[in-house]
Amino acid sequence: MNNKLNKIAKDTNFFLKKFIKKQKKTNLIIPMQYGLFSGGKKIRSKILVDIGSLFDLDYHSLIIVGSAVECIHAYSLIHDDLPCMDNDTIRRGKPSTHIKFGESTAVLAGNSLLTMAFEILSYKGLNISEKIKIDLINKISESSGHLGVAGGQYLDLSYEHKKVSKKKIVEMEIKKTGKLFSFCCVAPLIMKKRSKKEMILFENIGANIGLLFQVADDLIDHKGSLLNAGKKTGKDKKKGKATLISLLGQENTIKYANKLISNINNNIKKYGKKSENLSKTLNYILNRNK
Ligand code: GRG
């Protein structure tokens, strides 16, 4: 599993470095590269490749679409660490982007990574039709904005120090974290022009993967160490974050995560041997320590 993840991370970084190299140099390039390449598992690209392999999609095209997702992910982390959001000074074991480069530069580097995602999806070297490119841009925009990541982040911040129901926490985590995973799961179906019904099924699989990922992230915060996690842990409790662990406790949250894994596995088992990569990725997500 680790070898495959490392290869996908390497190939994604290679594409992104080449893409950036072709652009005119500006003062924002270095902080953008810091957000993209200062570590990071590139797990979203891995999910995209796992789902893409169920439909025999071309690996290189999947890496390009995954690179666009990683730009949006890097942007979300830079903004998430800002003082007006989660106010975190360490990310991936290093100073957060705003600590290293200043707040205004971090905001602008984040904004530039968002728009770079659209540049990548409309890039002529991505060998798919213009119509599919527009459909991908439409879906990634919807996944990132007020109906997706940004909307989820709003809820996350507004729930701090409040008693929030399980339904609301799940809804918030599916938006904040799940929507980008939903995009990774539905993008291969958009590229293959599959039916609307199948797309809805894979968007739901993505929402569950995102929820699993967020639950695992909350577990790392709950029991992890700075050394392993590359960020301060125990923060959620201090900040009064509404998480499933705060509501259900650690043991029930782990049970909940295992139930998510078995639901997802049930949904993909009809793909037989081809689904094994995704199943391994799900176990990695739950058992990782960073
Ligand atoms: C609209 C994209 C967008 C951003 C603005 C700041 C913000 C709104 C949203 C924050 C979303 C966020 C940070 C969700 C948490 C997701 C999460 C668990 C991130 C950790 O991801 P990993 O572990 O990170 O994949 P690495 O370091 O491996 O890249």
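The structure we're discussing is the one just above.
Residues numbered from 1 in each chain as written. Predicted model: local features only at pLDDT ≥ 70, side-chain atom pairs only at ≥ 80, totals over all residues. Heavy atoms only, no water.

J.: Would you mind showing me how to read the site of the ligand here?
T.: Around the ligand, 22 residues are found, and the nearest of them are Lys41, Arg44, His73, Arg92 and Ser144. One nitrogen or oxygen atom from the side chain of Arg92 is found 2.8 Å from an oxygen atom belonging to the ligand. Surface burial for the ligand is 93%, taken as the share of its 750 Å² of free accessible area covered by protein chains. Looking at the shell around the ligand element by element, the count peaks at seven residues for helix α4 (residues 59-80). Looking at side-chain class alone, the shell around the ligand contains seven nonpolar, eight polar and seven charged residues. (Near = heavy atom within 4 Å. Polar contact = N/O pair within 3.5 Å; in protein donor to acceptor, adjacent residues only side chain to side chain. Areas by Shrake-Rupley, 256 points an atom, 1.4 Å probe, with all protein chains shown as cover. Helix = DSSP H or I, 4+ residues; strand = E, 2+ residues; numbered from the N terminus. Nonpolar A, V, L, I, M, F, W, Y, C, P; charged D, E, K, R; others polar.)

J.: Before we go on, may I ask you to explain the nonpolar core in this structure?
T.: Nonpolar side chains in soluble globular proteins generally cluster together in the buried interior. Within the largest apolar cluster, 82 residues are counted, with the highest numbers of intra-cluster contacts made by Leu136 and Ile209. The element that contributes the greatest number of residues to this core is helix α9 (residues 166-191), accounting for 13 residues. When sequence neighbours within four positions are dropped, the list of residues in contact with Leu136 reads Val65, Leu121, Ile128, Phe183, Ala187, Ile190 and Met191. (Core = buried A, V, L, I, M, F, W, Y, C linked by side-chain atoms within 4.5 Å. Buried < 20%, exposed > 50% of the residue type's maximum accessible area, 1.4 Å probe, protein only. Contact = heavy atoms within 4.5 Å.)

J.: Would you take a moment to explain unusual backbone geometry for this structure?
T.: With the exception of glycine, most residues fall at negative phi, and the peptide bonds are largely trans. Although it is not a glycine, His161 sits at a positive phi angle of roughly 60°. Tracing the sequence through the fold places His161 in the loop between α8 (149-158) and α9. Since its relative accessible area comes to 62%, His161 is described here as exposed.

J.: What should I look at first to understand the packing of aromatic side chains in this one?
T.: The way to describe two aromatic rings as a pair is by their centre distance and the angle between their planes. If you walk through the whole model with that rule in mind, you get eight aromatic pairs. Between Tyr34 and Phe101 the ring centres are 5.4 Å apart and the planes differ by 75°, which places this aromatic pair in the edge-to-face class. Of this pair, Tyr34 sits in helix α2 (residues 29-37) while Phe101 is found in helix α5 (residues 97-101), placing the two residues 67 residues apart along the sequence. Overall, the relative accessible area of 26% leaves Phe101 in the partly exposed class. Judged by centre distance (5.2 Å) and plane angle (35°), the rings of Phe181 and Phe213 are tilted. Here Phe213 lies in helix α10 (residues 196-223) and Phe181 lies in helix α9, a separation of 32 residues in the sequence. (Phe/Tyr/Trp six-rings, centres within 6.5 Å; stacked < 30°, edge-to-face > 60°.)

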